[in-house]
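# Geometric and topological summary
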Amino acid sequence: MNLTVNEIFYSIQGESVHAGLPCVFVRLAGCPLECRWCDTVYAKSGGRDMEISAILDQVAALGHDLVEVTGGEPLYQSATPDLLTALCQSGYKVLLETNGCEDIRGLDQRVRVIMDLKCPSSGMAQRTFWPNLDALKPIDEVKLVLAGRADYEYARQVIGQHNLAERCEVLLSTVHGQLEPRLAVEWLLADKLPVRFQLQLH
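Below is a summary of the structure that appears in this document. Bear in mind that the values here come from a model prediction, so they are computed numbers and not experimental data. (Residues numbered from 1 in each chain as written. Predicted model: local features only at pLDDT ≥ 70, side-chain atom pairs only at ≥ 80, totals over all residues. Heavy atoms only, no water.)

### Some remarks on the side chain of D140
Mapped onto the fold, D140 is located in the loop between β6 (112-116) and β7 (141-146). Engagement of the side chain of D140 in a polar contact is seen with the backbone nitrogen of K137, the distance being 2.7 Å. (Helix = DSSP H or I, 4+ residues; strand = E, 2+ residues; numbered from the N terminus. Polar contact = N/O pair within 3.5 Å; in protein donor to acceptor, adjacent residues only side chain to side chain.)

### Remarks on the sheet that holds strand β5 (residues 93-98)
Strand pairing within a sheet occurs via backbone hydrogen bonds; the two strands may be parallel or antiparallel. The strand order across the open sheet built from nine strands is β3-β1-β2-β4-β5-β6-β7-β8-β9, with neighbouring strands paired in mixed fashion. Every interior strand has two partners, whereas the edge strands, β3 (48-51) and β9 (196-197), have only one. Taken together, the three bridges between β6 and β7 define a ladder with parallel strand orientation. Residue M115 lies in a different strand from β7, and its bridge partner there is V142. Here helix α1 (residues 52-62) sits on the sheet in contact with β1 (2-12), β2 (22-28), β3 and β4 (66-70), set at roughly 90 degrees to β3. Against the sheet, helix α2 (residues 80-89) engages β1, β2, β4 and β5, with an angle of about 180 degrees to β4. (Pairing = 2+ DSSP bridges. Contact = heavy atoms within 4.5 Å. Axes fitted to C-alpha atoms, helices over the stretch in contact; angles between N-to-C directions.)

### Section: helix α5 (residues 181-190)
Listed in full, the buried residues belonging to α5 are A184, W187 and L188. Buried residues along α5 cover an arc of 90 degrees about the axis, so they all sit on one side. α5 presents L189 and A190 as exposed residues on the side facing more than 90 degrees away from its buried surface. Elements in contact with the buried residues of α5: β7, α3 (149-161), β8 (169-174) and β9. (Buried < 20%, exposed > 50% of the residue type's maximum accessible area, 1.4 Å probe, protein only. Arc of directions from axis to C-beta.)

### Some words on the packing of α1 against α2
The geometry of α1 relative to α2 is characterised by a closest axis approach of 10 Å and an angle of 45 degrees between their N-to-C directions. In terms of orientation, α1 lies oblique with respect to α2. With respect to the hand of their crossing, α1 and α2 are arranged in right-handed fashion. For the pair formed by α1 and α2, the contact residues are I52, I55, L56 and V59 on the first element and D82, L83, A86 and L87 on the second. Among the residues forming the contact of α1 with α2, the class breakdown is seven nonpolar, no polar and one charged. (Parallel < 35°, antiparallel > 145°, perpendicular 65-115°, else oblique. Left-handed = near helix turned anticlockwise from the far one by under 90°. Nonpolar A, V, L, I, M, F, W, Y, C, P; charged D, E, K, R; others polar.)

### Describing α1
Of the positions making up α1, those classed as buried are I52, I55, L56 and V59. Buried residues of α1, viewed axially, fall in a sector of 100 degrees; they line one side. Opposite its buried face, α1 presents the exposed residues D57 and A61, each directed more than 90 degrees away. Phi turns positive, to about 70 degrees, at G63, one or two residues after α1.

### Regarding the nonpolar core
A general feature of soluble globular proteins is that nonpolar side chains tend to end up buried together. Membership of the largest hydrophobic core comes to 51 residues, with the highest contact counts inside it found for V26, I55, L87, L144, L146, L164 and L172. Discounting residues that sit within four places of it in the chain, I55 has contacts with L3, V5, I8, V26, M50 and L83. (Core = buried A, V, L, I, M, F, W, Y, C linked by side-chain atoms within 4.5 Å.)

### Looking at the side chain of D116
Here D116 lies in strand β6. Separated by 3.2 Å, the side chains of D116 and K118 make a polar contact. Residues in contact with D116, not counting those within four places in the same chain, are T98, N99, K143 and V145.

### A look at the pairing of β5
Most of β5 sits out of view: five of its six residues are buried. By the bridge criterion, four bridges tie β4 to β5 in an arrangement that is parallel. If you follow V69 over to β5, its bridge partner there is L96. In terms of strand pairing, β5 meets β6 through four bridges, oriented parallel. Each residue of the ladder has a partner; that of L96, found in β6, is V113.

Read these as spatial facts, not as claims about activity.
This is the structure we're talking about:
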């Protein structure tokens, strides 16, 4: 069973509750979205076909037990759930970064989902697959990246309407160069929003 892989590398986590931790990244190619703030446009195409066993070999060679499968959009490829289960069975702590537009139901329950829930400024908020929110587990995370006040109000509404803070960890961050982080912090403190604020390290 093959997947199209953009790159496999060792670095530190740039965001999520695991920010700052060393991690092996498996970046898969392909994504159906056209997000305005995309920072990995190069992963939308190209890549090389690899069998799951070959991916596991490369991950093992990098020698770390925290592994994130990212993209592009990893779930755009039908074999990704098999890769995630294979990584879990190999003893890794497995993270999946997904844009929330592909179905996460049915994934191995050991996988920690990091859902990048799209805000209106991304241009892709309408592509969110809302049933995903009911599938979130306590070990999962939802992050919302804000470019302005309208995104913040959208995030606040979604967090409240879907009781996200009761389901899992919720993180807010800002689009670099679009919103002063201090403003977002002032807003969430004023509203006593039950979220974690983070700055992207990458």
